[in-house]
Amino acid sequence: MGEALQERRGATLLPRSCCGHWGIASSHAELAGCKMTLTTTPAASVAQAFFCLLLCVPWGSSCPPSCQCTERAGAKAVLCSSRHLEEIPKDIPKDAVFLKLDANSITKIPSNAFRHLSHLEELDLSRNAIEKIDRAAFKGVAAGLRTLDLSSNRIRSIPKEALLALNAKLRLANNPWHCECALQEVLWEARLDPDSVQDITCHTAPREEYVGKPLLQVLDAGVNFCSVRQRTTDVAMFITMFGWFAMVIVYVICYVRHNQEDACKHVEYLKSLPSTQSHAETTSTAL
């Protein structure tokens, strides 16, 4: 009877199935399936149709135009792989749990790039062109993130503060790493994926003999990049202190010599003056 009334009024309202469970659409694809034809629709029918549209719109959970949003094990998955992205999308849904940004052209991860994604557990940034990662790049997701894939990028160095705050399993393989103390500390303290740790290779290093070798192999041979840096710092401090000490010595020597010269000049001046005794004898004789 209700359908007949709708037909009689010339309106076809949005079906309940359009909005899932009473009107919540999980993506733009579902919203596109909502069809509505209005012909001489009374005000009440228009209001009902508009209300259903509002329910169908995915407020606060919209999917970026270049990505696909789906469900994985009952959680939101945002798939942005191979979309020629040059930066991280700004409108990633806040309820995203899985985020794939692999195989793009992203070059930098700025501070607070994922701060609004408090539910994020898996983040794939592999096969990009990432060269720089800010210290606060993963601020806001450190507690919940379980997997972070940064493999196959252009990363030479990374602030250890950006990774050591994470509890996630890290994949850092196939990057042109510069083997130094910071990378060594990451290897010691971070949770690295055991299947990929052997592929962390020294592209450049303080000594040529380490280039091309896996970082783990170099460290197992007894090399300590942090102690090398400490020795370099100690030598620099020693040279600086020696330089200051030498300057003080030179200043003291110059000061003493200058005073000696002044003293000699003063003595010569005093010698050139007639003595008081001679002046007194001359005065007595005259009297």
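Coordinates for the structure precede this section.
The rules behind these values
Residues numbered from 1 in each chain as written. Predicted model: local features only at pLDDT ≥ 70, side-chain atom pairs only at ≥ 80, totals over all residues. Heavy atoms only, no water. Helix = DSSP H or I, 4+ residues; strand = E, 2+ residues; numbered from the N terminus. Buried < 20%, exposed > 50% of the residue type's maximum accessible area, 1.4 Å probe, protein only. Contact = heavy atoms within 4.5 Å. Areas by Shrake-Rupley, 256 points an atom, 1.4 Å probe, with all protein chains shown as cover. Patch = residues over 30% accessible without salt bridge, like charges linked within 9 Å, V, L, I, M, F, W, Y side chains within 5 Å. Salt bridge = Lys/Arg side-chain N within 4 Å of Asp/Glu carboxyl O. Phe/Tyr/Trp six-rings, centres within 6.5 Å; stacked < 30°, edge-to-face > 60°. Polar contact = N/O pair within 3.5 Å; in protein donor to acceptor, adjacent residues only side chain to side chain. Pairing = 2+ DSSP bridges. Axes fitted to C-alpha atoms, helices over the stretch in contact; angles between N-to-C directions. Core = buried A, V, L, I, M, F, W, Y, C linked by side-chain atoms within 4.5 Å.

## Description of the overall build of the chain
For step 1, the next point in the chain: Broken down by element type, the chain carries eight helices and twelve strands.
For step 2, the next point in the chain: Expressed as a percentage of its 287 residues, the buried residues of the chain come to 34%.
For step 3, the next point in the chain: Counted over contacts in the chain with a minimum sequence separation of 6, partners at least 24 positions apart contribute 48%.
For step 4, the next point in the chain: Total accessible area computed for the chain in this model is approximately 18100 Å², and 58% of it derives from carbon and sulfur atoms.

## Here we look at a nonpolar patch on the surface
For step 1, the next point in the chain: Together, V248, Y251, V252, Y255 and V256 make up an exposed nonpolar region whose accessible area comes to about 490 Å².
For step 2, the next point in the chain: Mapped onto the fold, Y251 is located in helix α7 (residues 225-272).

## Focus on the packing of aromatic side chains
For step 1, the next point in the chain: The final tally for this structure, using the stated rule, is two aromatic pairs.
For step 2, the next point in the chain: Seen from their ring centres, F114 and F138 are 6.1 Å apart, and the 5 degrees between their planes marks the pair as stacked. Of this pair, F114 sits in the loop between β6 (108-109) and β7 (122-124) while F138 sits in the loop between β8 (132-133) and β9 (147-149); the two residues are 24 residues apart in sequence, bridging distant segments of the chain. Both residues of the pair, F114 and F138, count as buried.
For step 3, the next point in the chain: Plain terms: the ring middles of Y210 and F225 are 5.7 Å apart, the flat faces sit at 85 degrees to each other, and that makes the pair edge-to-face. Of the two residues, Y210 is situated in the loop between β12 (202-204) and α6 (215-220) and F225 in helix α7; the sequence distance between them amounts to 15 residues.
For step 4, the next point in the chain: Overall, Y210 belongs to the buried group, its relative accessible area being 11%.

## Here's the deal with the side chain of S151
For step 1, the next point in the chain: Among the secondary structure elements, S151 is positioned in the loop between β9 and α4 (160-164).
For step 2, the next point in the chain: Among the polar contacts listed, one links the side chain of S151 to the side chain of D149, at a separation of 2.6 Å.
For step 3, the next point in the chain: Excluding its chain neighbours within four sequence positions, the residues that come into contact with S151 are S126, R127, R171, L172, A173 and N175.

## Let's talk about the sheet that holds strand β5 (residues 96-100)
For step 1, the next point in the chain: What the six strands build is an open sheet, ordered β3-β4-β5-β7-β9-β10; its pairing is mixed. Either end of the sheet is taken by a strand with one partner, and the two such strands are β3 (68-72) and β10 (169-171). Pairs of neighbouring strands in the sheet enclose a mean axial angle of 15 degrees, with direction left out of account.
For step 2, the next point in the chain: Sheet analysis places β9 next to β10, joined by three bridges and oriented parallel. Paired with L148 across the bridge in β10 is L170.

## Thoughts on the environment of D193
For step 1, the next point in the chain: In this structure, D193 sits in the loop between α5 (181-189) and β12.
For step 2, the next point in the chain: Residue class for D193 comes out buried when judged on its relative accessible area of 8%.
For step 3, the next point in the chain: Along the chain, D193 and K169 lie 24 residues apart, while their C-alpha atoms are 5.7 Å from each other.
For step 4, the next point in the chain: Setting aside chain neighbours within four positions, we find D193 in contact with K169, L170 and R171.
For step 5, the next point in the chain: At a separation of 3.1 Å, a polar atom in the side chain of D193 contacts the side chain of R171.

## Overview of the nonpolar core
For step 1, the next point in the chain: Core analysis: the biggest nonpolar cluster contains 53 residues, and I109, F114, L125, F138, L148 and L150 have the highest contact counts within it.
For step 2, the next point in the chain: Only β5, α4, α5 and α6 provide two or more residues apiece to this core.
For step 3, the next point in the chain: Setting aside chain neighbours within four positions, we find L148 in contact with L123, L125, F138, L163, L166, A168, K169, L170 and R171.

## A word on the side chain of D102
For step 1, the next point in the chain: Secondary-structure assignment places D102 in the loop between β5 and β6.
For step 2, the next point in the chain: Residue contacts for D102: discarding those within four places in its chain leaves C80, S81, S82, D124, S126, R127 and N128.

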